[in-house]
Amino acid sequence: MSNERGKWGSSIGFVLAAAGSAIGLGNLWKFPYLAGKNGGGAFVLVYLSLIVILGFSLMLGEMAIGRRGKSDAYGSYNNIKKGWGVIGVLGILACFLIYSYYVVIAGWILKYIGIFVTGGLSGDPVNYFSDFIASGTSPIIYSFVVLVVTAAIVLKGVAGGIEKASKIMMPILFVFMLVIVVRSVTLPNASVGIKYFLKPDFSLITPQVVIAALGQVFFSLSLGMGVMVTYGSYLPSDTKLIKSAFYIPVLDTAIALLAGLAILPAVFSFGLEPTAGPGLIFITLPKVFSAMPFGNIFGIIFFLLVLFAALTSTISLLEVVVSFVVDQFKMDRKKATLLVSVLIGILAIPNSNSFGSMADVKVFFGMNFFDFLGYVTDNLLLPAGGLFLCIFIGFVWNRDEVKKEITNDGEIEFPMFSVWMIGVKYLGIQLLSLILLQAVGVQNTALVYALLTIFVVQILCGRLEGKRGVKTV
Ligand code: TRP
């Protein structure tokens, strides 16, 4: 077979590539506006707690599945337990769909770099932005450029393409981020924004805030979608999974927090509103840059760093699908990359046009194409992927085998194993069921009853498993 599976060149290369997948528009575009909309510090506090409770655990679980399964997201699940590959297929589908709209936003970032390079934005930023995204061909062309650059990197393979690109882009991203944060927090009155972002007002913590934060944890860490399975499958057997699973969420969260510190103090300093939503970095920030000395330079630095973050994520979204096509259909990597990219290009068109000519074309449930895909991926596929991941680790994969994989066959100490397992098996399943159920409209008492029922099933399955365990030992 000509398709020798790829391998990472070094652990640091793997961590940077995986952190690159995690760090993306989710951190720089979504996190600050979600925090801005959901009560600032209150949202941040809930987010951080969920990263600690669930983020690390699931990151570790996903990586372990990939390294044991040694295949793409579908093949890895299937190799561990026949028939469970469907979980992977769900993830691959989600990556495919997310990629088709992610490139559109990444294309806008590219356009904004161009704006600042050529002297800054002229006219009213609100109209400028809405005119641009509605203008048809131009935003589509920008998203195609992102598609081509991503494909060119993925085409070169795991070590030669993905790892190399991540090793160049990630350090630059960190340095640029620090430059912007220092600029932002030293602006007059920046402290108001810093306080808003970091000081939690506990009265603002509502179930809605918890649900928004939980969804964001999954999106931001690229969890439950087979990314970490795929990336984990390129790991050698002596890598210390626990260590990597620790660094990646730390890096991701650091960048999300820094992004908040880069954006919110500046927004407050210029007397603007933090609640702008998705337009925060495209509308509010250009106002900030145009009001500040050397604003264009800071604009270029900011949007370049966002572009790097977006590219390391588009790479992972494409890789999950390409890896599936290569492993399952034995297609050559080059052909697979081209094929998937062309399909994504076709889907990117209606996504982009959803901000223009197709804005009012209701595809499903009264939503346009972009909103519908966003809804399906964020509210259904992401939590479902996470839920199945927890079920697979907690109830399907043999407990001793899980432990063996995580501890490199007993070489590494993992005294917290049982705590970790309970977290995934009980807490993980409960929290993910909560988001999934409320996303499909189950509310109030019905929601409480549903969660209780699930809890009873969990306990019963746990006991059954315990009995089976005794017999086989
Ligand atoms: N985590 C990335 C971000 O924060 C987005 C992303 C990349 C992603 N790959 C993913 C999200 C896979 C879900 C699934 O921008």
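Relevant structure appears above.
Residues numbered from 1 in each chain as written. Predicted model: local features only at pLDDT ≥ 70, side-chain atom pairs only at ≥ 80, totals over all residues. Heavy atoms only, no water.

### Thoughts on the overall build of the chain
At step 1: Across its full length, the chain carries 19 helices and zero strands.
At step 2: Relative to the compact-globule value of 23 Å for 473 residues, the chain shows a C-alpha radius of gyration of 22 Å, a close match.
At step 3: Projected onto its principal axes, the C-alpha coordinates of the chain cover approximately 75 × 55 × 45 Å.
At step 4: A buried classification covers 58% of the 473 residues belonging to the chain.
At step 5: For the chain, the share of sequence-separated contacts (at least 6 apart) that also reach a separation of at least 24 residues comes to 80%. (Helix = DSSP H or I, 4+ residues; strand = E, 2+ residues; numbered from the N terminus. Rg over C-alpha atoms; globule rule 2.2 N^0.38 Å. Buried < 20%, exposed > 50% of the residue type's maximum accessible area, 1.4 Å probe, protein only. Contact = heavy atoms within 4.5 Å.)

### Looking at helix H6 (residues 125-133)
At step 1: Among the residues making up H6, those that are buried are Pro125, Phe129, Phe132 and Ile133. The arc that holds the buried residues of H6, viewed along the axis, is 90 degrees, so those residues lie on one side. (Arc of directions from axis to C-beta.)

### Thoughts on the nonpolar core
At step 1: The biggest cluster of nonpolar side chains holds 163 residues, and the ones touching the most others in it are Phe282, Phe303 and Trp420.
At step 2: The leading source of residues in this core is helix H5 (residues 85-117), at 21 residues.
At step 3: Setting aside its immediate chain neighbours within four residues, Trp420 contacts Ser57, Leu60, Gly61, Ile393, Val402, Ile406 and Phe414. (Core = buried A, V, L, I, M, F, W, Y, C linked by side-chain atoms within 4.5 Å.)

### Digging into empty space enclosed by the protein
At step 1: Applying the stated criterion across every chain yields a total of three cavities of 30 Å³ or more.
At step 2: When its volume is computed, the largest cavity comes out at roughly 150 Å³.
At step 3: Together, 17 residues line the largest cavity, and Ser21, Ile98, Phe219, Ser222 and Leu317 are the ones closest to its centre.
At step 4: Breaking the lining of the largest cavity down by element, the ones donating at least two residues are helix H1 (11-22), helix H2 (25-37), H5, helix H10 (207-220) and helix H14 (295-329).
At step 5: Here the lining of the largest cavity is composed, by residue class, of nine nonpolar, eight polar and no charged.
At step 6: Estimates place the volume of the second largest cavity at around 60 Å³.
At step 7: Forming the boundary of the second largest cavity are Ile180, Arg183, Ser184, Ala262, Ala266, Leu285, Val288, Phe289, Met292 and Phe302.
At step 8: Those elements that provide at least two residues to the lining of the second largest cavity are helix H8 (158-185), helix H12 (241-269) and helix H13 (280-291). (1 Å grid on protein atoms, 1.4 Å probe; cavity = no way out; pocket = protein on both sides within 12 Å on 5 of 7 lines; lining within 4 Å. Points joined across faces, edges and corners; volume = space filled by probe spheres on them. Nonpolar A, V, L, I, M, F, W, Y, C, P; charged D, E, K, R; others polar.)

### Topic: the site of the ligand
At step 1: Among the 17 residues in the neighbourhood of the ligand, the closest are listed as Ala22, Gly26, Tyr102, Phe219 and Ser222.
At step 2: Within the side chain of Asn27, an N or O atom sits 3.3 Å from an oxygen atom of the ligand.
At step 3: In the environment of the ligand, an oxygen atom lies 2.5 Å from a nitrogen or oxygen atom belonging to the side chain of Tyr102.
At step 4: Coverage of the ligand by the protein chains reaches 100% of its 360 Å² of free accessible surface.
At step 5: Put simply, the parts of the chain that give the shell around the ligand at least two residues each are H1, H2, H5, H10 and H14.
At step 6: The residue makeup of the shell around the ligand, split by class, is nine nonpolar, eight polar and no charged. (Near = heavy atom within 4 Å. Polar contact = N/O pair within 3.5 Å; in protein donor to acceptor, adjacent residues only side chain to side chain. Areas by Shrake-Rupley, 256 points an atom, 1.4 Å probe, with all protein chains shown as cover.)

### Quick notes on the packing of H5 against H14
Helix packing geometry: the angle between the two helix axes and the distance between the axes.
At step 1: Remark: H5 packs on H14, axes separated minimally by 8 Å, with the N-to-C direction vectors making an angle of 160 degrees. One way to sum up the angle between H5 and H14 is to call them roughly antiparallel. Where H5 crosses over H14, the two elements pack in a sense that is left-handed.
At step 2: Broken down by class, the residue content of the contact of H5 with H14 amounts to 25 nonpolar, four polar and no charged. (Axes fitted to C-alpha atoms, helices over the stretch in contact; angles between N-to-C directions. Parallel < 35°, antiparallel > 145°, perpendicular 65-115°, else oblique. Left-handed = near helix turned anticlockwise from the far one by under 90°.)

### Observations concerning the layout of surface pockets
At step 1: Here the largest pocket is characterised by a volume of approximately 830 Å³.
At step 2: Considering the residues around the largest pocket, the lining is formed by 33 residues, among which Lys30, Tyr33, Leu34, Asp378 and Asn379 are closest to the centre.
At step 3: Counting residues per element, the ones that place at least two in the lining of the largest pocket are H2, H5, H10, helix H16 (369-396) and helix H18 (417-439).
At step 4: At eight residues, H16 tops the list of elements feeding residues into the lining of the largest pocket.

### Remarks on the environment of Gln328
At step 1: Looking at the element boundaries, Gln328 is found in helix H14.
At step 2: Once the C-alpha coordinates of Gln328 and Asp252 are considered, the two residues, 76 residues apart in sequence, prove to be 31 Å apart.
At step 3: At 2.6 Å, the side chain of Gln328 forms a polar contact with the side chain of Asp72.

### A few points about the pattern of salt bridges
At step 1: Taken as a whole and assessed by the stated rule, the structure comprises eight salt bridges.
At step 2: The salt bridge partner of Lys30 is Asp378, with a shortest N-O separation of 2.9 Å. Taken as a pair, Lys30 in helix H2 and Asp378 in helix H16 lie far apart in primary sequence, 348 residues in all.
At step 3: Taking the shortest distance from any N to any O, the salt bridge between Glu405 and Arg68 comes out at 2.8 Å. Pair noted here: Glu405 is in helix H17 (residues 399-406) and Arg68 is in helix H3 (residues 41-69), with a separation of 337 residues, a long-range link.
At step 4: The class for Glu405 is buried, based on a relative accessible area of 9%.
At step 5: Linked by salt bridges that have partners in common, Arg67, Arg68, Glu401, Lys404 and Glu405 make up one network. (Salt bridge = Lys/Arg side-chain N within 4 Å of Asp/Glu carboxyl O.)

### Quick notes on the packing of aromatic side chains
At step 1: The full count for this structure, using the stated rule, is 39 aromatic pairs.
At step 2: Here Phe31 and Phe43 contribute two aromatic rings whose centre-to-centre distance is 5.9 Å and whose plane-to-plane angle is 50 degrees, an arrangement assigned as tilted. In this pair, Phe31 is assigned in helix H2 and Phe43 in helix H3, connecting sequence segments 12 residues apart. Phe43 matches Phe31 in its accessibility class, with the two residues each being buried.
At step 3: Above the ring of Phe219, the side-chain terminus of Lys30 is found at 4.1 Å from the ring centroid.
At step 4: Stacked on the ring of Phe395, the Lys or Arg Lys425 has its end atom at 5.0 Å from the ring centre. (Phe/Tyr/Trp six-rings, centres within 6.5 Å; stacked < 30°, edge-to-face > 60°. Lys NZ or Arg CZ within 6 Å of the ring centre and 35° of its normal.)

### Quick word on unusual backbone geometry
A negative phi angle characterises most non-glycine residues, just as the trans form characterises most peptide bonds.
At step 1: Residues other than glycine seldom take positive phi values, yet Lys330 does so here, at roughly 50 degrees.
At step 2: Even without a glycine there, the phi angle at Asp409 is positive, about 65 degrees.
At step 3: Take Asp409: it is sitting in the loop between H17 and H18.

### As for the state of the cysteines
At step 1: Summed over all chains, the structure comprises zero disulfides.
At step 2: Cys95 takes part in no disulfide bond, and the closest cysteine sulfur, belonging to Cys390, lies 17 Å away.
At step 3: In this model Cys390 remains outside any disulfide bridge; the closest cysteine sulfur is found in Cys461, 14 Å from its own. (Disulfide = S-S within 2.5 Å.)

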